[in-house]
Each structure stands twice: as structure tokens, then as C-alpha cells.
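Read off the chains here:
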Amino acid sequence: MKVLHVDINHPLIIEQFSELGFENHEDYTSTKEEITAKIAEYDGLIIRSRFTIDADFLDKAKNLKFIGRLGAGLENIDTQYAKSLGIYLAAAPEGNRNAVGEHALGMLLSLFNKLNKADREVRNGKWDREGNRGLELEGKVVGIIGYGNMGKAFAKKLKGFDVEEVICYDIKGGVEDEHARQVGIMEFQNRVDVISLHVPQTELTVGMFQTEFIEKFKKPFWIINTARGKCIDTQDLVSALRSGKILGAGLDVLEYEKTSFEHMFTDDKLPDAFQYLVNADNVILSPHVAGWTVESKLKLAQTVVDKVRNKFC
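Cut-offs and rules
Residues numbered from 1 in each chain as written. Predicted model: local features only at pLDDT ≥ 70, side-chain atom pairs only at ≥ 80, totals over all residues. Heavy atoms only, no water. Helix = DSSP H or I, 4+ residues; strand = E, 2+ residues; numbered from the N terminus. Rg over C-alpha atoms; globule rule 2.2 N^0.38 Å. Buried < 20%, exposed > 50% of the residue type's maximum accessible area, 1.4 Å probe, protein only. Pairing = 2+ DSSP bridges. Contact = heavy atoms within 4.5 Å. Axes fitted to C-alpha atoms, helices over the stretch in contact; angles between N-to-C directions. Disulfide = S-S within 2.5 Å. Expected span 1.5 Å × (residues − 1).

Peer 1: Explanation requested: the overall build of the protein in the structure shown.
Peer 2: The secondary structure content of the protein amounts to 13 helices and 12 strands. Computed over the C-alpha atoms, the radius of gyration of the protein is 21 Å, within 12% of the 20 Å expected from 2.2 N^0.38 for a compact globule of 313 residues. Oriented by its inertia axes, the alpha-carbon framework of the protein measures out at about 65 × 50 × 35 Å. Counting the 313 residues in the protein, one finds 47% classified as buried.

Peer 1: What's the story with the pairing of strand β9 (residues 194-197) in this structure? I'm lost.
Peer 2: Remember that side chains alternate between the two faces of the sheet whenever the strand is regular. Residue alternation in β9 divides its side chains into two sets, V194 and S196 and I195 and L197, and both sets are buried. As judged from the four bridges shared by strand β6 (residues 141-145) and β9, these two strands associate in the parallel manner. The partner of I145 across the bridge, within β9, is L197. In terms of strand pairing, β9 meets strand β10 (residues 221-225) through four bridges, oriented parallel. Bridge pairing in β10 places S196 opposite I224.

Peer 1: What am I meant to see in the sheet that holds β9 here?
Peer 2: One key point about sheets: their strands pair by backbone hydrogen bonds, in either a parallel or an antiparallel sense. The seven strands are arranged β8-β7-β6-β9-β10-β11-β12 in an open sheet whose pairing can be described as parallel. Each end of this open sheet is capped by a strand with a single partner; those strands are β8 (181-182) and β12 (283-285). Across five bridges, β10 lies against strand β11 (residues 246-251) in parallel orientation. Within β11, the position partnered with I224 by the bridge is G250. Of the strands in this sheet, β6, β7 (165-169) and β9 are in contact with helix α7 (residues 149-157), which crosses β6 at around 165°.

Peer 1: Can you walk me through the state of the cysteines in this structure?
Peer 2: Here a disulfide denotes one covalent bond, and it connects the sulfur atoms of two cysteines. Applying the stated criterion across every chain yields a total of zero disulfides. Left without a disulfide partner, C168 is nearest to the cysteine sulfur of C231, which lies 17 Å away. You can call C168 buried: its relative accessible area is 0%.

Peer 1: Just to check I follow, could you spell out helix α13 (residues 294-312) for this structure?
Peer 2: Each full turn of the α-helix corresponds to 3.6 residues, which orients residues three or four apart in the same direction. The end-to-end C-alpha distance of α13 is 28 Å, a good match for the 27 Å that 19 residues give at a rise of 1.5 Å each. Along α13, the residues that are buried comprise S296, L300, A301, T303, V304, V305 and V308. Where the residues of α13 are buried, they touch α1 (12-19), β3 (44-47), β4 (66-69), β5 (88-90) and α5 (93-112).

Peer 1: Can you help me understand the sheet that holds β3 in this one?
Peer 2: Taken together, five strands build an open sheet; the order of strands is β2-β1-β3-β4-β5 and the sheet is parallel. The open sheet terminates on both sides in strands that have one partner only, identified here as β2 (23-26) and β5. Pairwise comparison of adjacent strand axes, ignoring direction, gives a mean angle of 20° for this sheet. Alignment of strand β1 (residues 2-5) against β3, held across three bridges, turns out to be parallel. Looking at the pairing, V3 lines up with G44 of β3. Docked against the sheet, α13 engages β3, β4 and β5, running at close to 155° with respect to β5.

Set out below in C-alpha cells:
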């Protein structure tokens with residue numbers, strides 16, 4: 001197997017591929033067009049999120065047998081077309097699910113206990129105990145939308161917090177386990193105090209969290225999003241935060257990601273909705289790092305190696 005690596009990952013992936021007899025080539029700087037021009041030479045491709053793998057690219061990849069993506073989702077790959085060509089797709093949600101579960105829980109605890117707000121105030125000489133009185137997870141109903149690897153990891157982390165119940169909603173049936181009970185959307189919307197999103201980015205999930213959907217929830221709620229930024233309409237989220245329908249938000253992902261995000265600051269064009277999130281005490285933001293730990297870097301690489309080995313060796 002001749003494998004092209006276009007994103008820098010943990011070195012074990014190259015080390016272990018070499019042990020399997022694979023020939024590894026690294027190209028972390030060429031443009032997509034330059035990669036496309038030579039992809040026919042390769043049996044395998046290892047990528048993270050550097051560029052999209054579309055039908056045109058796949059048509060040029062005449063000998064490609066597998067694509068390994070060191071991440072949870074495959075939304076940057078035309079999966080249907082790749083599968084029609086017989087290309088094996090190896091994503092690695094097992095590699096960073098624990099990291100995502102911990103990050104989601106950390107965001108929720110920080111929101112409930114106003115840790116970011118309290119920290120800023122103490123650093124600035126303000127000692128306000130009553131204004132930073134927190135909430136407890138005990139007795140709350142936590143709802144998870146999307147009960148795959150990430151959702152299950154988050155539910156597992158909630159063990160020991162004495163929540164009233166963890167419930168989950170998923171378009172697939174039979175996904176519940178000992179950590180969460182699967183329910184229909186009406187029960188979900190009637191009962192939850194906290195929502196954590198763990199869905200992939202698909203046609204069904206892009207923009208799913210918008211005003212019409214939000215208003216169907218019986219109680220005001222807190223929301224955590226460590227999934228994909230485009231699943232939440234930012235303007236509608238802000239409207240719900242202003243009205244009190246949403247009590248607070250922990251957002252590891254945003255509609256504005258990487259380049260578009262950075263350009264907003266360099267061009268001095270912050271959207272009003274994002275400016276609100278920046279200034280809000282009941283919002284915590286992080287730069288898409290929920291699954292980005294020292295440990296997950298290794299686990300992601302090992303997961304892809306294991307899947308490729310089991311398939312081809």
C-alpha cells in the first residue's frame with residue numbers, strides 16, 4: 001500500500017503503517033489541485049480537515065482503496081460516491097469520544113457555577129458571592145440529541161451526579177443503553193433542563209436548532225454544543241438567550257469556523273449575534289477543541305490504524 005498523508009497527525013500512524021509494509025508519503029503544503037494531480041498514485045489517503053474530498057477528486061483517485069479521517073465525522077467527504085467506488089472510509093469517533101464527553105461536562109459545570117464570570121470578577125477586584133450563586137446538576141433532566149459515540153460518552157460522564165434522568169433522542173431506534181433512555185421528541189421537549197448536541201452535520205441537522213424548534217420546549221433550558229456549529233442558527237440562539245428561553249450556552253463550535261472566524265476580527269466585521277455571545281456572562285466559547293486532547297491525538301491515530309489493519313491486513 002502506498003499512502004499519502006496530507007495532515008500532520010500523531011507519528012504512530014506512520015510508524016505502524018510502516019510496520020505493516022505500507023509506503024508513507026507526507027505532503028502537508030501542496031494545494032488541493034496539486035494533491036488531486038497525483039492522487040492516482042496512492043492506495044490510501046490520510047486526512048483530517050484540510051480540504052473536501054469531492055466527486056472530482058475521487059474520480060482522479062483511480063487506485064484509492066481507503067481514506068482514513070482522524071476525526072469523528074466524514075462530512076468533508078462525499079461518502080456516498082466514495083462507497084460506490086468501493087473506497088473504504090475509516091473515521092475515528094472512538095478516538096476522541098472520551099475527550100468530547102469530558103469537555104461537554106466541563107462546559108456545563110462551568111455554566112452552572114458561573115466559573116468564567118466569577119474568575120473574571122475576582123481578577124478585577126470584585127468579590128460578589130450572591131451574584132455568583134450556582135446551580136446543581138442533581139435533580140435535573142439532561143437530554144442528549146444524537147446518541148452515538150459522543151452522546152454515549154457524555155451520558156457516561158453524568159453517572160455520579162445524581163441527575164433525575166438522562167434521556168436521549170435519535171433518528172435511529174434502539175440506541176439507548178444503561179446510561180440513557182431513548183424517548184420520542186415530545187417527551188424530550190417536555191422534560192429537559194439541559195440539552196447536549198452530539199449530531200453529525202447532515203442535511204437534516206444543519207440549522208435544526210432554530211426558533212420554531214426552540215419554542216417547542218416546555219421549560220427554559222441550557223444548551224451545550226460540541227457537535228457542529230451549523231446545527232444551531234446563531235441569530236435564533238441569541239434571540240432565545242435574550243428572552244430567557246435558553247438560560248445559557250456552552251459552544252465549542254460555531255457557524256463561523258477557522259478562516260471565516262478569523263476574518264471577522266481582522267476585517268472588524270463581527271456579526272451582531274456573535275458580539276452578543278462574546279459579551280454574555282451566560283455563554284462559554286471554545287475553538288472546536290472538545291475532542292482535541294493530548295490523549296485523543298494518539299487515540300485517533302490508533303483507531304484509524306486498527307481499522308485499516310483489520311480491513312486490509
